[in-house]
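Structural overview for review
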Amino acid sequence: MNNKIIALFAVIVIAVAGVSIVAFMSNGDDNDNDAYTVSLNGVEATESNVRDNSYLIKRNLIVCTNGEATGNVAEFLNYVTSADGQKIVGKEFISIDKMTDYKDPDKDGNTMIAISGSTTIMDTMTRIAEGYMAKYPYMKVSITGGGSGQGASNTINGVSDIGMCSRDLKASEAEKGLIPTIIGKDGVAVIVNGAGVKDLTIEQVAKIYDGTYTNWSQVGGVDKSIGVVCREDGSGTRECFEESVKASTPGWKMKSDVNSLSSTGAVIKMIGNTDGSIGYISIGQLVNL
C-alpha cells in the first residue's frame, strides 16, 4: 500500500462546525475490546458506591413532561416507576427506592406516546416500552435518541410526550415548564485502554481532559500518548462528567481538540479499539465492555 495512504489512515483530522476532531488510529479489529475501568480516588465505579455517595461521578436518570403528566402518559410513567418497570431499570442501572402503583391505560385516551432523548437510557426505556405494549397491545410507544438536551427540547416543543435525560433538568428547562420524574440512578465510569494504570484521581482526570497531561507516564502509566474521547454537547453523560470534574477542580475547562462521539456505544467501540485512549460511559453500560 502507498505510504501516503497508510499515513492517511493513521490520523484523520475532521473539521466539524469549526472544531477539529481527531480520529485516533484503531487496532483494526472491531471484535476485540480492550477497554477496562479505572477507579477514581481509590473508589471503584459500582452500584453500591454510587448508592452510598462514595463514588464521585454520579447522576439521576430522569424522564420529563411538559407540565404535570396526565392520562395515559401519567399511567405509563407510573408503570416505569413501578416494581415492574424498575425490575427492568435495575438490570442496567440503580432502581429507585420508592416505587409506584399503576392502572390500566384508557383505551379511549391517547394511545400513542412519543419518547425521545438520552441514548444512555434509550435501550432500557425501549425494553420497558416493549413490556408495556405486550401488556397493553392497544398502546403504541415510540422511542428515539438524540441526547438529553434533544429530549428536553422535543418535550418543550411538543414533539415528544416524554423526554429522557441522563441528568437533572437545567434551570432553563424547568423554567419552560418541564417536570422531572426520577426513574433511576447511575454513575459515570472512566474507561481506558493500554494505559498501565488501574486508578486515577479526579484531579488527574481533569488534567488529562484539559490537556495538561498528554502521556500516560505523567500519571504513573506507560510511556504512551493519551487519546482523549468525550461525548457530544447536549449529552447527559458529558454534562454529569463535566460538572463532577468542575466540582473537584474549580476553573477546569475541557480542551477543544477532544474526539467527540454521539453515543455510549461509539465511545465503547473507540476506547476498546484504540490503544492509549481514555473515555467515560455510564456504569450501567460496563457490561458491554
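Just above sits the structure.
Since we're looking at a predicted model, the values are computed, not measured. (Residues numbered from 1 in each chain as written. Predicted model: local features only at pLDDT ≥ 70, side-chain atom pairs only at ≥ 80, totals over all residues. Heavy atoms only, no water.)

Within the protein, the secondary structure is distributed over ten helices and twelve strands. Residues counted as buried form 47% of the 289 residues belonging to the protein. Look at the contacts in the protein between residues 6 or more apart in sequence, and 75% of them connect residues 24 or more apart. For the protein, the exposed area adds up to about 13400 Å²; of that, 51% sits on carbon and sulfur atoms. (Helix = DSSP H or I, 4+ residues; strand = E, 2+ residues; numbered from the N terminus. Buried < 20%, exposed > 50% of the residue type's maximum accessible area, 1.4 Å probe, protein only. Contact = heavy atoms within 4.5 Å. Areas by Shrake-Rupley, 256 points an atom, 1.4 Å probe, with all protein chains shown as cover.)

Where burial is concerned, most of helix α8 (residues 202–209) is hidden: six out of the eight residues are buried. Within α8 the residues assigned to the buried category are Ile-202, Gln-204, Val-205, Ala-206, Ile-208 and Tyr-209. Two residues or fewer after α8 comes Gly-211, characterised by a positive phi angle close to 95°.

Further remarks concern the packing of aromatic side chains. In the structure shown here, the tally under the stated rule is nine aromatic pairs. Judged by centre distance (6.0 Å) and plane angle (50°), the ring pair of Tyr-209 and Tyr-280 falls under tilted. You can see Tyr-209 sitting in helix α8 and its partner Tyr-280 sitting in strand β12 (residues 277–282), a full 71 residues away along the chain. By the burial criterion, Tyr-209 is buried, and Tyr-280 matches it. Considering the side-chain rings of Phe-241 and Tyr-280, the 4.1 Å spacing of their centres and the 10° angle between planes classify their relative orientation as stacked. With Phe-241 in helix α9 (residues 236–248) and Tyr-280 in strand β12, this residue pair connects regions lying 39 residues apart in the sequence. Judged by relative accessible area, Tyr-280 falls into the buried class, the value being 1%. (Phe/Tyr/Trp six-rings, centres within 6.5 Å; stacked < 30°, edge-to-face > 60°.)

Attention now moves to the side chain of Glu-92. Mapped onto the elements of the fold, Glu-92 is located in the loop between α4 (83–89) and β5 (112–117). Take Glu-92: its relative accessible area is 16%, and that puts it in the buried class. Within the structure, the side chain of Glu-92 is placed 2.8 Å from the side chain of Gln-285, a separation counted as a polar contact. When residues no more than four places from it in sequence are discounted, the contact partners of Glu-92 are Asp-123, Thr-124, Arg-127, Gly-284 and Gln-285. (Polar contact = N/O pair within 3.5 Å; in protein donor to acceptor, adjacent residues only side chain to side chain.)

The next subject is the state of the cysteines. Simply put, the disulfide is a covalent bond whose two ends are the sulfur atoms of two cysteines. Scanning all chains against the criterion turns up zero disulfides. Considering cysteine sulfurs only, Cys-165 is the nearest to Cys-64, which forms no disulfide, with 4.3 Å between them. (Disulfide = S-S within 2.5 Å.)

Summed over all chains, the structure comprises 13 salt bridges. One salt bridge connects Glu-242 with Arg-238, and the closest N-O pair in it is separated by 3.0 Å. With Glu-242 and Arg-238 both in helix α9, this residue pair falls four residues apart, about one helical turn. Across this residue pair, the class does not change: Glu-242 and Arg-238 are buried. (Salt bridge = Lys/Arg side-chain N within 4 Å of Asp/Glu carboxyl O.)

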